[in-house]
Amino acid sequence: MDQQTLCQAIKAQYESLPKQVRQAASFVLDNPQEVAVMSMREQARLAGIPPSTMTRLAKRLGLTGYDDIRAIFVNAVRAKGYEYGSRVPALVEMKQKVGETSLLLDLANTTTDHIQALCRDDNLAAMVRAAEILSGARNIYCLGLRSSFPVAFHFCHVASYFKNNVHLVEGAGESGIMALMRSMGPKDALLVCSLSPYSRRTVALTRYLSQQKVKIVALSDNASSPVARLACEAILVKKKTASFFDTLTPAFMVSELLVALMAATSKVDVRALVSQTEEKLWAMGEWWSVD
């Protein structure tokens, strides 16, 4: 049974299901990503029902247990992992039809439209609130794995010019994971970037920090994404283009806007701090000079 067949079976039985089992069915239909990445107990908690109800739903569908439902959704997510490959022929066909220059213009214009969408009032308001959360945090942790890592790195790198409480969560040697085990709580904030397909490790770490009452600012592509659902503030970016891969440019733009706003609203002498950082970098020989 694939995901589409399973969902059709749930819809067919929906009206005849007991009330709590119907809640479980609604959760499965409305939250396919969470079904794939969260444990049964976590899903039951979000649905507001006992874990045993999830098992009851599975048995009503003729399955052995809820793990069978999760496996179907996991397989669907894995299949989507090949989405990039499936988009290559369309990219090649478009180039053959319109030529190289028109293809480049289409890609650039689509990305420009995505950036322009960030200027909507709701997105601007979300960024203002997010900057306030980050500025008021005791420590800011930056998390982004796989393709999202450069966005988290960029925010941490630029913000570190004037803030000494910004920390990048890196995966090398699990050092980042160890950092998250230290005393973190309501006074700290996490800036997390996660775009579909969502990294399982990113979701797990974000969920852990949410349980520690860390304030979460999420950069994501969907309001129902696992990290957006956990966030105090979520900023949504568009990412699809005619290319076989998704653009990170809007997410980079948000990271830069957040740092700029934090600098502009800071109560410390940002100019002096940035100048001191630059002087130290020159003294260390980090930048090339002809002198």
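Everything numeric here is computed off the predicted structure, so don't read it as measured data.

The subject of this paragraph is the packing of aromatic side chains. Enumeration according to the criterion identifies 1 aromatic pair in this entry. Residue placement shows arginine 22 over the ring face of tyrosine 14; its charged tip is 5.8 Å from the ring centre.

Counted by the stated rule, this structure contains 6 salt bridges. One salt bridge in this structure joins aspartate 122 and arginine 120, with 3.2 Å as the shortest N-O distance. Each member of the salt-bridge network shares a partner with another, and the members are Asp221, Lys239 and Asp246.

Taken in spatial order, the 5 strands of this open sheet run S2-S1-S3-S4-S5, and their pairing is parallel. Only two strands of the sheet have a single partner each, and these edge strands are strand S2 (166–168) and strand S5 (233–236). Neighbouring strand axes in the sheet, compared pairwise and without regard to direction, differ in orientation by 15° on average. Bridge analysis of strand S1 (residues 140–143) against strand S3 (residues 189–194) gives 4 bridges, and the strand direction is parallel. In the sheet register, isoleucine 140 faces S3, and the bridge partner there is alanine 189. Relative to the sheet, helix H12 (residues 200–211) contacts S1, S3 and strand S4 (215–220), its axis offset from that of S3 by approximately 160°. Strands S1, S3, S4 and S5 of the sheet are contacted by helix H14 (residues 249–265), whose axis makes an angle of about 140° with S4.

Conventions adopted
- Residues numbered from 1 in each chain as written.
- Predicted model: local features only at pLDDT ≥ 70, side-chain atom pairs only at ≥ 80, totals over all residues.
- Heavy atoms only, no water.
- Phe/Tyr/Trp six-rings, centres within 6.5 Å; stacked < 30°, edge-to-face > 60°.
- Lys NZ or Arg CZ within 6 Å of the ring centre and 35° of its normal.
- Salt bridge = Lys/Arg side-chain N within 4 Å of Asp/Glu carboxyl O.
- Pairing = 2+ DSSP bridges.
- Helix = DSSP H or I, 4+ residues; strand = E, 2+ residues; numbered from the N terminus.
- Axes fitted to C-alpha atoms, helices over the stretch in contact; angles between N-to-C directions.
- Contact = heavy atoms within 4.5 Å.

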